[in-house]
Amino acid sequence: MTETVPRTLPRTLPRTSARTVPDATAFAASAPAARTARAPRRPLASRGWIALGGGAVLPVLILAAWQLTTALGVFTMAQLPSPAMVWQAGVDLFASGLLGQYAAISTQRVLIGFAVGAALGIALGALVGLSRAADVLFAPTLGAIRAVPSLAWVPLLILWLKIGEESKLTLIAIGAFFPVYTTVSAALRHVDRQLVEAGRAFGLRRARLFTAVQLPAVIPAVVSGLRLALAQAWLFLVAAELIASSMGLGFLLIDSQNNGRIDRILLAIILLAILGKLTDAAVGLFERWANRKWA
Amino acid sequence: MPHRAAPHEAFADPASVRGAASRSTATTTTGNSACTVEFEAIGRTFAPATTRGATALPPVLRDISLTVRPGEVLAILGTSGCGKSTLLRIAGGLDSPTIGQVRIDGSPVAGIDPRCAVGFQEPRLLPWRNVTENVALGLPRGTPRAAGRARVAELIELVGLAAFAGHRPQAISGGMAQRASLARALARNPGVLLLDEPFGALDALTRLKMQDLLLDVHAQAPTTVLLVTHDVDEALQLADRIILLGRPDNDTRAGATIVQELTVPGARPRDRGSAELAELRGRLLAGLGIDRHGEARGLAATSTIPAFPY
Ligand SMILES: Nc1ncnc2c1ncn2[C@@H]1O[C@H](COP(=O)(O)OP(=O)(O)OP(=O)(O)O)[C@@H](O)[C@H]1O
Ligand SMILES: [Mg+2]
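For the structure given in this document, a descriptive report is provided here.

**Some thoughts on the overall build of chain A**
Next up, step 1: Across its full length, chain A holds 11 helices and 0 strands.
Next up, step 2: Its helices and strands taken in sequence order, chain A reads α-α-α-α-α-α-α-α-α-α-α from the N to the C terminus.
Next up, step 3: Expressed as a percentage of contacts within chain A between residues at least 6 apart in sequence, the contacts between residues at least 24 apart total 67%.
Next up, step 4: When the accessible surface of chain A is split by element, carbon and sulfur atoms take 69% of a total near 17,200 Å².

**Some remarks on the coordination of the magnesium ion (ligand 2)**
Residues and elements named next belong to chain B.
Next up, step 1: Distances from the magnesium ion (ligand 2) to its protein donors, Ser85 (OG) and Gln121 (OE1), fall within 1.9 to 2.3 Å. Of this pair, serine 85 sits in helix α2 (residues 84–91) while glutamine 121 sits in the loop between β6 (116–119) and α3 (131–136), placing them 36 residues apart in sequence.
Next up, step 2: Owing to a relative accessible area of 26%, glutamine 121 belongs among the partly exposed residues under this scheme.

**Thoughts on the sheet that holds strand β7 (residues 192–196) of chain B**
Strands belonging to one sheet form pairs held by backbone hydrogen bonds; the direction of such a pair is parallel or antiparallel.
Residues and elements named next belong to chain B.
Next up, step 1: Reading across the sheet, the 6 strands line up as β6-β7-β8-β3-β9-β10 and stay open at both edges, with mixed pairing between neighbours. At either margin of the open sheet sits one strand with a lone partner, and together these are β6 and β10 (257–263). With strand direction ignored, the average angle separating the axes of adjacent strands in the sheet is 15 degrees.
Next up, step 2: Sheet topology places strand β3 (residues 73–78) next to strand β9 (residues 241–246); 5 bridges connect them, and they run parallel. Among the inter-strand pairings, leucine 74 is bridged to a residue of β9, identified as arginine 241.

**Description of the pattern of salt bridges**
Next up, step 1: In the structure shown here, the tally under the stated rule is 23 salt bridges over all chains.
Next up, step 2: Note that Arg241(B) is salt-bridged to Glu72(B), the shortest N-O span being 2.5 Å. Of this pair, Arg241(B) sits in strand β9 while Glu72(B) is found in the loop between β2 (61–68) and β3, placing the two residues 169 residues apart along the sequence. The exposure classification of Arg241(B) matches that of Glu72(B), with both residues buried.
Next up, step 3: Through salt bridges with shared partners, one network takes in Glu197(A), Arg89(B), Glu122(B) and Arg124(B).

**Description of the sheet that holds strand β5 (residues 107–108) of chain B**
Residue and element names in this part refer to chain B.
Next up, step 1: Spatially, 4 strands are ordered β2-β1-β4-β5 in an open sheet, and the strand pairing comes out antiparallel. Two strands lie at the open edges of the sheet, namely β2 and β5, each paired on one side alone.
Next up, step 2: When strand β4 (residues 99–104) meets β5, the two strands line up antiparallel, connected through 2 bridges. Bridging across to β5, arginine 103 finds its partner in proline 108.

**Some remarks on the site of ligand 1**
Next up, step 1: Neighbouring ligand 1 are 13 residues, the closest being Ser80(B), Gly81(B), Lys84(B), Ser85(B) and Thr86(B).
Next up, step 2: Around ligand 1, the nearby residues trace back to chains A and B.
Next up, step 3: Gly83(B) has a polar backbone atom sitting 2.9 Å from an oxygen atom of ligand 1.
Next up, step 4: One of the side-chain nitrogen or oxygen atoms of Ser85(B) is found 2.6 Å away from an oxygen atom of ligand 1.
Next up, step 5: Among the residues forming the shell around ligand 1, the class breakdown is 3 nonpolar, 7 polar and 3 charged.

**A look at the pairing of strand β8 (residues 224–228) of chain B**
Residue and element names in this part refer to chain B.
Next up, step 1: Across the 5 residues that make up β8, a large majority, 5, are buried.
Next up, step 2: Neither face of β8 is open: one carries Thr224, Leu226 and Val228, the other Val225 and Leu227, and all of them are buried.
Next up, step 3: Bridge analysis of β3 against β8 gives 4 bridges, and the strand direction is parallel. Looking at the pairing, leucine 74 lines up with leucine 226 of β8.
Next up, step 4: One ladder, built from 5 bridges, connects β7 with β8; its direction is parallel. Bridging across to β8, leucine 195 finds its partner in leucine 227.

The rules behind these values
Residues numbered from 1 in each chain as written. Chains lettered and ligands numbered in written order. Predicted model: local features only at pLDDT ≥ 70, side-chain atom pairs only at ≥ 80, totals over all residues. Heavy atoms only, no water. Helix = DSSP H or I, 4+ residues; strand = E, 2+ residues; numbered from the N terminus. Contact = heavy atoms within 4.5 Å. Areas by Shrake-Rupley, 256 points an atom, 1.4 Å probe, with all protein chains shown as cover. Donors = N, O, S within 2.8 Å, 3.2 Å for Na, K, Ca; no water. Buried < 20%, exposed > 50% of the residue type's maximum accessible area, 1.4 Å probe, protein only. Pairing = 2+ DSSP bridges. Axes fitted to C-alpha atoms, helices over the stretch in contact; angles between N-to-C directions. Salt bridge = Lys/Arg side-chain N within 4 Å of Asp/Glu carboxyl O. Near = heavy atom within 4 Å. Polar contact = N/O pair within 3.5 Å; in protein donor to acceptor, adjacent residues only side chain to side chain. Nonpolar A, V, L, I, M, F, W, Y, C, P; charged D, E, K, R; others polar.

Nothing here speaks to function; it is all geometry.
Okay, structure coming up:
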């Protein structure tokens, strides 16, 4: 008859029950002697500096292999310049002020486009996720727009908005919009009905219901959507800059291709990797905080 | 056993005078006072999940007419799936009847009713809030901050969760979560308290304590209580009146209705072992489809009083 397994301890001995059991993995990783310590030891792989160092192993290996193959002359200089040459190209570009300018303008475009796209994504995602009418009205159209490959927008945007900043920012915003829109609307549709009903039963309605129940329930999903959107923003940035720009890392790529500067191409790719990873790590920190707070 | 002033003991039939007796002792009550709940020929039929090609479902509830007096504790008994939760949800305006209507203090219930507070069958706590913040959700809107904090702390203490006030729901046990949910409903200080198997997930000892707690709270603040339970003894211990939902023996129509209604004699707290209660217990168990020598079915084994010797 009773659906839930009763596992409450009587009130007289409450402190021993929940919470005190640490992660099962903590036991696996710690020596038996460590059990006597008050705080359970954290597993090796989750400590900050070890995680960082572990993550650097592969790049270092790749760098070493790269150095080795160029030193042994496996590829010609025109195919694969050595790490030192790429470094030198970076130093030269930096000295001329171009590198800083390109990296800055690209980052700026990504951040602005991402901010606009994500804001619109949250707004429309919330509308479609919360309102059945908006769902019927908007979802099919947005789904169709989403199906358009990113490059297909470029000619149209250039014709409409010229080769200025607007065309690039718009493209990046389109790229950032969809991951956010999709995750927000889907997450809102799937908020636990029982929780929403409980909120309503205790007098919450509309804005207060949204901020007290629905929004917190979808925050983890929204943040992971934001993270996807940021990656997408970098993708669309390169698409925009490859085709129509006079500055930025994408421009550096296409310009170097025309000039046959493979060292600069490698430089641009490495910079994109680093910048993408850094911005992603920033959102990742935010995500961890949000998950601790809301999940 | 909790200390209780036992103001009712002077009355022979608490069911008839419960409201008046409780009101006279309720000097500390603020907010809502107890409400009358009237069910008028309630019927509920659910629509089929798919609209195409589906035949109409049989009704879950039919012909339920009942008046619950202010301050009365009404227990709703019935087998699993007979529609107890549905009836309770209709009373609180979370669901609407297909036919008939519910009135609270004379005004029809349309939509979620602010005079009611619900303790759901599941705890339904917000996972991102700790116990204190969850209980605070139940406070009526416009409660002054300091008064609200004090009330929440008092309720948490009352349900024995003081040591866990800062814990999130996933860090407490199922029974604790259910107690937190009960505290949240009590925080509302409602005119009608709707409790759906509030003690279902509790171990036997905690359950007895919580039953006494509910009686204490009820003695202090005379709300009308509709208590769904599948525990006959719990109903006998807590209620002024018990209704049994089900299908009458000689009735082939689908849908549960009230098949038994009985007033529980004696003032609370009741002697859990009295012979009078044992007789009622036998009748209720029979109504639930359990024969009177029901030890073999397991239900009697949980009882503290022996089965009446028929
Ligand atoms: N939203 C719904 N849609 C369709 N059918 C429903 C819905 N809610 C309940 N029912 C049906 O109504 C019947 C009664 O359900 P209800 O939850 O009221 O039972 P109950 O008496 O509370 O059972 P239990 O003791 O197991 O909690 C069940 O047969 C169920 O299938
Ligand atoms: Mg139920």
